[in-house]
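What the coordinates show
The chain contents come next:
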Amino acid sequence: MRFVRILVALVLTTTLAAQQPASAEPGLGWKAAWSAAPQRPGANFTPNWSEQGFAGQTLRQVVRTTVSGAAVRIRLTNVYGTAPVTVSAATVARSSTGGAVKTGSLRRLTSGRGASFTIPAGAELVSDPVALPVSALERLTVTLHFAKPTGPATYHAQAMAASFRAEGNHVADQGSAAFTESSVSWYYLSGVDVLGASRGRDGVALFGDSLTDGYGSTPGADNRYPDELAERLVAARRPRAVLNQGIGGNRLTVDSAWLGDKATARFDRDVLGRSGVGTVIVLLGVNDIGMSVARQPMAAPHTEVSAAEIIAAHRELIRRAHTKGLRVIGGTIPPMKGSRYYTPLSEAKRDEVNAWIRRTGEYDAVADFDRALASPAAEDQLDPAYDSGDHLHPSDAGYRAMADAVGLADLG
């Protein structure tokens, strides 16, 4: 406890550390403990509040940290905003159930010591440190009040967790009665950093599409493959930050309004810019393949992408990660027979990309998700025990099998 008190005292007297940009390596042991990749406001697979934004409302959002710390700070992003966004009041607390928080844990959230603060257009803001010790795999609730209209909100579409909305200012509420509306997206919230984790760059960023984002898993249950990997590390007494940087529908080579900037464009921000990351697992390519044959009703332009173009994009990510000293693990693309993405041509592309990932040694290690999820009776099809029902996305059991396919020793 004496160590914790010393750390907290250092934090509260060193507020300048909280103002470092995301690309900096902060002092005092600050490390990313949770994050989400931001997206442009827009329609998506499920209804959301991003296009309308917020006005005179309170937004309450729940996340789960992957490592422990003696204090926290919150990252808010307005990277796709065209105007500044003012947060008129904010709090952070330990989560209870639903939109409620645990008694005695509510803390005021400030920036520059101000209770009201503004996130500039096109930028990220880091809050002042908050003396709130957290444990690995503990849920935190971040509550933001917007007195004035925000305009369209930068968000993350598929949170697979509930966010809550109330009319008026309810940042100090411990209960959830005022929060009568819910959404399955996160808004403006891009990261939680903790103080007191190990100082080395042992964090793991999982960079991908819906297979990383966790589509098909049980909402609110933390059963996505990044969640399962974090739990596996804690169970092995080797806790380390595991950051889910997946975006549903994301592609290596093509931007779209709904499905995020192409992976090669967002890699610096979503992986290289996260503090404490030393390893990245890349699982991408299925949408480049599938959207070459399946036209989308979701603002995703039809494009023809070859296996060679996908491999070239993988090589670009490997090169950039190695330049920054990161270890890079390649994830093979899981089976997709029976899904709307499947054709003989798309299967041939998947096989070519997977063979390159396995055999060339360009990745530092391989997580063979393909073999982990394949049916024993048909290797180009998901095992029925792991299929969420669309023959493309795993179930909770499938995401657990994906986490088990990652060699802990390969994480470095």
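Please refer to the structure placed before this passage.
Note that this is a predicted model, so its numbers are computed, not measured.

1. Focus: the pairing of strand β5 (residues 89–94)
- Taken across its six residues, β5 has five buried, putting it largely inside the fold.
- In this sheet, strand β9 (residues 139–146) lies alongside β5 in antiparallel orientation, the contact comprising six bridges. Counterpart to Thr91 in the pairing with β9 is Thr143.
- Taken together, the two bridges between β5 and strand β6 (residues 107–108) define a ladder with antiparallel strand orientation. Along β6, the bridge assignment pairs Thr91 with Arg108.

2. Re the layout of surface pockets
- Estimated volume of the largest pocket: approximately 310 Å³.
- Considering the residues around the largest pocket, the lining is formed by 26 residues, among which Val62, Val63, Arg139, Ala161 and Asp222 are closest to the centre.
- Among the secondary structure elements, those contributing two or more residues to the lining of the largest pocket are β1 (30–35), β2 (57–64), α3 (225–235) and β16 (242–246).
- Here the residues of the lining of the largest pocket sort into 13 nonpolar, eight polar and five charged.

3. Let's talk about the environment of Val101
- You can see Val101 is positioned in the loop between β5 and β6.
- The spatial distance from the C-alpha of Val101 to the C-alpha of Val353 is 46 Å, given a sequence separation of 252 residues.
- Dropping the residues within four chain positions of it, Val101 is found in contact with Arg60, Ala93, Arg94, Ser95, Ser96, Leu106, Thr141, Asp173 and Gln174.

4. Digging into the sheet that holds strand β8 (residues 124–126)
- Here we have four strands laid out as an open sheet, ordered β1-β14-β3-β8, and antiparallel in their pairing. Each having just a single partner strand, β1 and β8 make up the two edges of the open sheet. Strand-to-strand twist of the sheet, defined as the mean angle between neighbouring strand axes without regard to direction, takes the value 25°.
- Pairing of strand β3 (residues 71–77) with strand β14 (residues 189–195), which is carried by six bridges, proceeds in the antiparallel orientation. Across the sheet, residue Ile74 finds its bridge partner in β14, namely Val192.

5. Topic: the sheet that holds β16
- Ordered by their spatial adjacency, five strands build an open sheet running β16-β15-β17-β18-β19, and the pairing between neighbours is parallel. Where the open sheet ends on each side, the last strands, each with one partner, are β16 and β19 (365–367). Strand-to-strand twist across the sheet, computed as the mean angle between neighbouring axes with direction ignored, equals 25°.
- Summarising the sheet, strand β18 (residues 327–331) and β19 pair through three bridges and their orientation is parallel. Its bridge partner being in β19, Gly330 is matched across the sheet by Val366.
- The sheet contacts of helix α4 (residues 263–272) involve β15 (203–208), β16 and β17 (277–283), and relative to β15 the element is tilted by about 160°.

6. Section: the packing of aromatic side chains
- Tallied over the full model, the rule gives twelve aromatic pairs.
- When the centroid spacing of 6.5 Å and the interplanar angle of 55° are considered together, the rings of Phe54 and Tyr188 count as tilted. Taken as a pair, Phe54 in the loop between β1 and β2 and Tyr188 in the loop between β13 (186–187) and β14 lie far apart in primary sequence, 134 residues in all.
- You can call Tyr188 buried: its relative accessible area is 0%.
- Taking the centre distance of 5.5 Å and the plane angle of 45° together, the rings of Phe146 and Tyr188 count as tilted. With a gap of 42 residues between them, Phe146 in strand β9 and Tyr188 in the loop between β13 and β14 connect regions that are remote in the sequence. Neither Phe146 nor Tyr188 differs from the other in exposure class; each is buried.
- Of the aromatic side chains, those joined through ring pairs into one cluster are Trp49, Phe54, Phe146, Tyr155, Tyr187 and Tyr188.
- In this structure, Arg73 is placed above the aromatic ring of Trp30, and the distance from its NZ or CZ to the ring centre is 4.5 Å.
- Above the face of the Trp49 ring, Arg165 is positioned so that its terminal group lies 4.2 Å from the ring centre.

About the criteria used
- Residues numbered from 1 in each chain as written.
- Predicted model: local features only at pLDDT ≥ 70, side-chain atom pairs only at ≥ 80, totals over all residues.
- Heavy atoms only, no water.
- Buried < 20%, exposed > 50% of the residue type's maximum accessible area, 1.4 Å probe, protein only.
- Helix = DSSP H or I, 4+ residues; strand = E, 2+ residues; numbered from the N terminus.
- Pairing = 2+ DSSP bridges.
- 1 Å grid on protein atoms, 1.4 Å probe; cavity = no way out; pocket = protein on both sides within 12 Å on 5 of 7 lines; lining within 4 Å.
- Points joined across faces, edges and corners; volume = space filled by probe spheres on them.
- Nonpolar A, V, L, I, M, F, W, Y, C, P; charged D, E, K, R; others polar.
- Contact = heavy atoms within 4.5 Å.
- Axes fitted to C-alpha atoms, helices over the stretch in contact; angles between N-to-C directions.
- Phe/Tyr/Trp six-rings, centres within 6.5 Å; stacked < 30°, edge-to-face > 60°.
- Lys NZ or Arg CZ within 6 Å of the ring centre and 35° of its normal.

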